[in-house]
Amino acid sequence: MRRVLAILSKNKILTLIIILASIVRFVGLIPNIAHPDELYIIKASRNLVYNIIQYGDFDPHAYKYGSVIFYLQSLVYLPIILAGSILLKVGFADPPPKTGAPLIDFIEEVISTFPRLVYLEGRAITALFGVGSVILVYFIAKKLFNKWVGLGSALFLAVSPFHVRDSHYITTDIPFLFFLLLALLFTIKLIEKSTWKWYLLTGLVIGLSSTIRYFPLALLPYPLALILSKNEKSKPIKSLLSLLMIPIGVSIGIPFAVFSESSRNQLLFDTQTQMQWYGTGITAFVLSAAQSLVSFGKKPLPDTALLLPVKFTKFYLHLLFFKALNPLLILMSLLGLATGLIKHTKKTLFLMLIPTASFIYTTFYISAVYERLILPLLPFAAILTSLFIYQFHTFLKNLKIRKKYLLTGAALILAAAPQIKSSLSASISCTTESAEMSMQETLKKKVPKTANIAQVSPVTIPASQKTRVKKEVRPDTEFSIEELQKLNIDHLFINTSIFTRFLYPFKNNFFIPPRELYENAYIPLVLREYESRATLIDMAERYPLCDGERFIYYKLPPVYSESGEPIYKEDFQENISKQWELEDFNQNSKSTITHNANDGHTGKGALEYKWLGVYYRGQRLVLKENFTVFPDQVYTLKAWVKSDSKIDPSQRDAFFRLDFFENKEEISLYPSRNIALTNRIVGEPKWQQVSVTVKTPIKAKYAQLSFDTLGTRENGVFLLDDIQLFGP
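These numbers come from a predicted model, not from an experiment. (Residues numbered from 1 in each chain as written. Predicted model: local features only at pLDDT ≥ 70, side-chain atom pairs only at ≥ 80, totals over all residues. Heavy atoms only, no water.)

**Q** Quick rundown of the sheet that holds strand β4 (residues 535-541)? Include the residues and the values.
**A** On the basis of which strands lie adjacent, the open sheet formed by five strands has the order β2-β1-β3-β5-β4 and mixed pairing. The open sheet has two edge strands, β2 (469-473) and β4, and neither has a second partner. Taken over all neighbouring pairs, the strand axes of this sheet differ in orientation by 20° on average, direction set aside. Pairing analysis gives six bridges linking β4 to strand β5 (residues 550-555), with the strands arranged antiparallel. Bridging from a neighbouring strand, aspartate 538 pairs with tyrosine 553 of β5. (Pairing = 2+ DSSP bridges. Helix = DSSP H or I, 4+ residues; strand = E, 2+ residues; numbered from the N terminus. Axes fitted to C-alpha atoms, helices over the stretch in contact; angles between N-to-C directions.)

**Q** Account for unusual backbone geometry, naming residues and giving values.
**A** Cis geometry marks the peptide bond from isoleucine 30 to proline 31, where omega comes out at 5°. By the secondary structure assignment, proline 31 is in the loop between α2 (12-26) and α3 (38-55). Positive phi values are uncommon outside glycine, yet serine 194 reaches one of about 55°. For serine 194, the position within the fold is in the loop between α10 (173-193) and α11 (196-212). Even without being a glycine, aspartate 632 presents a positive backbone phi close to 55°. With respect to the secondary-structure elements, aspartate 632 resides in the loop between β11 (627-628) and β12 (634-643). Judged by relative accessible area, aspartate 632 falls into the partly exposed class, the value being 38%. (Buried < 20%, exposed > 50% of the residue type's maximum accessible area, 1.4 Å probe, protein only.)

**Q** How would you explain a nonpolar patch on the surface if you had to name every residue and give the values?
**A** On the surface, a cluster of nonpolar side chains totalling about 490 Å² of accessible area is made up of Trp196, Leu200, Ile237, Leu240, Leu241 and Leu244. Where the nonpolar patch is concerned, the elements lending two or more residues are α11 and α13 (235-253). Ranked by the residues each element gives to the nonpolar patch, the list is headed by α13, at four residues. Secondary-structure assignment places leucine 244 in helix α13. (Patch = residues over 30% accessible without salt bridge, like charges linked within 9 Å, V, L, I, M, F, W, Y side chains within 5 Å. Areas by Shrake-Rupley, 256 points an atom, 1.4 Å probe, with all protein chains shown as cover. Salt bridge = Lys/Arg side-chain N within 4 Å of Asp/Glu carboxyl O.)

Note that all results are geometric; they support no functional claim without further evidence.
See below:
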């Protein structure tokens, strides 16, 4: 620590970078929004503190993550414990008895009085690890290359938007990255100095880092470091003791899981639970191999086919190019990698072991898709970008270009300025009240107390008013206006952050798919329906790297009585399939339409829609004939649909849609500005009615009728029959 402070006192540029890193990480710790994983860590840490106070039990009894994170977060309660101990002793505190332990009651009283205190202190610990990671990147790049590359690396990580964002939350991602970088720095020291100190420390920190998130990335460069360390007589014994330090590091990271059978069982249970998101063929292979070894061969060795890649998730490439970094930074990183391989081959290859393995494992093996999984790549991208800028300056210097400093500075600004802007904007945005809290006045003034409210989670209103929500809905349950009105819902509050999960097929690509595919997908269609038919009460937005949310509050339209005059009716008693056509911009979904003479709702005859594959979404089926409609009038669409198999409640599918246009020239591949969707079918493979009653827009003259699918299954069949459109 003294050495770090001494370096900072002599290196003003590094000091400024650390100040910048601290500002963007500590600003906005509160109020901010709650990360989904924070509550688990907070509860486990609080239980740890209470068990220590009441029973002297230091076992966290929670092993979703390594114990270090719970011990660190328990420090949050230390000032409260010290204050409570003193106040209780002198008689200044008299908390209401709840648990029978006065100190615990005092802690509960403080937390209930200052609910943000735990979040502030806990997040500050993560922010410290974030700043520490910036310092470690400086030392790693300096050791491998030089001081200037180290400074550039520290700057780029200091303002890396994703690293800044995740430094604001009580999660394990940033602490894991800190210990990973610390292990890498110690590994470099081991190669450089080869003293007892670095052999032992390297093994210890590698073991410890592997327990933070149970991801032993730090092990990868370790065997190479042992090989490259100085050859001397004591090298074998040093290497052996260094290897033995790894399980000691693991023991420090999860001490009770090592020495307690009940804790080991809890560790096994928690890690198995995690496997539903992070389990891969590699983890299955390792676990099976371990079981075989423990059973001394009684259980067979696993099949090596488990080690083969499953699929390539292009989402992470898109994330790196267009969100976590940007095309310019990616280009600079790749050029930095190229120049590094040419000029510093061994060092660059050594440096790339961790990010290469992390990228391959994340994109080829893990089925879950989380932005956090690219965090281990960011420090190395920062180093490569900095290396390129340094080599660029050296190139200009060798050419004796007079304005070399100006050109190098321009390159640095082009690379860093967007990152600085994004990080600062996000941190400042995090200092404001969360989106749902900012809507309290809107709820009081514009939403009646008798309203039947549904919300698209996560939370869209303050916790104090959550009892007003009658129904939790999602795109895969009830979502469209017609579906909610059938539940007597008259208001819908939407948190758009959940849509990322459901629009994953569109993001699992390097480039965004064609606009017509995306706009005709179910969620964009429903949002367009709300825009055109519902009344917008209010909307709240936050900077995407802070709140990451857009909250939209709608009042649903009135429930209209069904219209009585038939405008269109088709029972498919005859083969009229040629009157319908499949959209031609999504031919990759491989759909067909035929006349089915053997089945039907009221008689023999139905239109059979069959698909053999899904390309982002099902292929839309459109009636070639358009209808003339009257503006500001009520129309009702009814139809019957039957699936060839049971549809689970979370896989609702098959709906009709009406697009309204002012003139025929507007009719295109894209949805109109005004649309209406029927409900979807669910349950047993039997005939089910779908319908929608809608008032046409005030300028509408034409309507287009179509049938659509979400593509929740890879293949299947829908039968359509008794389609009727009623109007005035």
